[in-house]
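Chain residues, written in single-letter form:
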Amino acid sequence: MNSQNGFLLSYIKYGENDAVLHCFTEEDGFQSYFLKRIYTKKNKKKALLMPLSQLSFSLLPIRGNGIQTISRFELIKSNDIYTDIKSSTVVFFISDFLNQNLRHENKNHNIFFCLNEFIDELQHRNYQSHFIFLIKILKIQGVAPLLNAGKFLDPETGTFSTEPVHQLFGEDISAIWKMILSTADPYRIKIPSAYRKDLLDSLLVYYHYHITDFQTPPSLEVIHQIFD
């Protein structure tokens, strides 16, 4: 019997009692699993199906061309990020983001470690951690901006220029990008609240330029409303 550790990104109810789970696993990257009888009245484990919950799965051998079936699963580490509205909003946004954009990602320990680090930051109510996380993912994917003496980030070329080239990448937002990219522990950076909406929008613009088939998370509007 195969076992996996993974972060739950999303799930879809299938029939009356079953579900299909989409996860990012430590050993195989993005995977989908079939989970039987999770919605029966006696099954209390449906409470564990929270976005970015880290789970340990035992999997039945695959048959034919179908997806693997979970025989049992356990929560690896509990936390209280879902009890705080700002933390839970960030969690839903990042799980939505990853579910949209990691579907073709194979095994990647750096992304898995980065997710662990991000969850730890949210545990400590770091409400700006999603900005840092998204830039760290760009670094892992090898498409982060290249640092130089320029003051304005050009999102299309991924370089800093001497003149502004995009309305969202003014000197202040570009400076925040440069600070996050160049700091050893960027999670300690304090991002002024006045810049957070534009910073998030600038991140999505950059992703559109550099990540193939990038999709904007449907929960973008919600996170803007919570932090507005």
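Everything below is about the structure printed above this text.
The residue numbers shown here count from 1 along each chain, following its written sequence. Selection of residues for local features in this predicted model requires a pLDDT of at least 70, selection of side-chain atom pairs for listing and counting requires 80 or more, and totals for whole chains, interfaces and linings are taken over all residues. To obtain the side-chain values, all non-hydrogen atoms of the structure were included, while hydrogens and water were left out.

### Things to note about the nonpolar core
Convention followed: By nonpolar core we mean a set of buried residues, namely Ala, Val, Leu, Ile, Met, Phe, Trp, Tyr and Cys, connected to one another through side-chain atoms within 4.5 Å. Only protein chains enter the area calculation, which uses a 1.4 Å probe; residues under 20% of their type maximum are buried, those over 50% are exposed, and those in between are partly exposed. Each helix corresponds to a stretch of at least 4 residues labelled H or I by DSSP, and each strand to a stretch of at least 2 residues labelled E; elements are numbered beginning at the N terminus. By definition in these notes, contact holds between two residues if any of their heavy atoms fall within 4.5 Å.
By size, the foremost hydrophobic cluster in this structure holds 51 residues, and its most contacted members are Leu52, Ile94, Leu98, Phe118, Phe133, Leu134 and Trp177. Secondary structure elements with two or more residues in this core: β1 (2-14), α1 (85-101), α2 (109-123), α3 (129-140), α4 (171-182), α5 (196-210) and α6 (220-227). Look past the residues within four positions of Trp177 in its chain and what remains in contact with it is Ile135, Leu138, Pro145, Leu153, Phe160, Phe169, Leu199, Ser202, Leu203 and Tyr206. One finds Leu21, Ile38, Leu59 and Phe73 within the second-largest nonpolar core, a separate group that totals 13 residues.

### Comments concerning the pairing of strand β3 (residues 29-35)
We count it as follows: The pairing criterion for strands is at least two bridges between them, as found by DSSP.
Counting buried positions along β3 yields 5 of 7 residues, so the element is predominantly enclosed. Summarising the sheet, strand β2 (residues 18-25) and β3 pair through 7 bridges and their orientation is antiparallel. Within the sheet, the bridge partner assigned to Phe24 lies in β3 and is Phe30. Hairpin connection between β2 and β3: a loop of 3 residues separates the two successive antiparallel strands.

### Regarding α4
This is how the line gets drawn: Here, expected helix span is obtained from the residue count minus one, scaled by 1.5 Å. By construction, the arc corresponds to the directions joining the helix axis to the C-beta atoms.
Taking 1.5 Å of rise per residue, the 12 residues of α4 would be expected to cover 16 Å, and the 16 Å separating its terminal C-alpha atoms lies within 8% of that figure. Among all positions of α4, only Ile173, Ser174, Ile176, Trp177, Ile180 and Leu181 are buried. The buried residues of α4 occupy an angular sector of 155° when projected down its axis, which confines them to one face. For α4, the secondary structure elements touched by its buried residues are α3, β6 (152-154), β7 (159-161) and α5.

### Examining the packing of aromatic side chains
For clarity, the threshold we go by: Pairing of aromatic rings covers Phe, Tyr and Trp, the last through its six-membered ring, and needs centres within 6.5 Å; plane angles under 30 degrees mean stacked, over 60 mean edge-to-face, and all others mean tilted.
In the structure shown here, the tally under the stated rule is 11 aromatic pairs. On the numbers, 5.0 Å between centres and 85° between planes, the contact of Phe97 with Tyr207 is edge-to-face. Remark: Tyr207 occurs in helix α5 and Phe97 occurs in helix α1; sequence separation between them is 110 residues. Across this residue pair, the class does not change: Phe97 and Tyr207 are buried. Measuring from ring centre to ring centre gives 6.0 Å for Phe169 and Trp177, while their planes differ by 50°; the resulting arrangement is tilted. What makes Trp177 buried here is its relative accessible area of 0%. Put simply, the rings of Phe93, Phe97, Tyr207 and Phe214 pair up and form one aromatic cluster.

### Overview of the pattern of salt bridges
Heads up, the rule is: Just to be clear on terms, a salt bridge is a Lys or Arg side-chain nitrogen sitting within 4 Å of an Asp or Glu carboxyl oxygen.
Applying the stated criterion across every chain yields a total of 10 salt bridges. A salt bridge links Lys45 to Glu74, with the shortest nitrogen-to-oxygen separation between them at 2.9 Å. Residue Lys45 is located in the loop between β3 and β4 (54-59), and its partner Glu74 is located in strand β5 (residues 68-75); the two are separated by 29 residues in the primary sequence. Residue classification places Lys45 among the partly exposed positions, given a relative accessible area of 26%. Between Asp201 and Lys197 there is a salt bridge, with its nearest N and O atoms 3.1 Å apart. Of the two residues, Asp201 and Lys197 are both situated in helix α5; the distance of 4 residues between them amounts to about one turn of the helix. The buried category is assigned to Asp201, whose relative accessible area is 16%. Overall, Lys197 belongs to the partly exposed group, its relative accessible area being 47%. Via salt bridges that share partners, Asp80, Asp84 and Arg125 belong to a single interconnected network.

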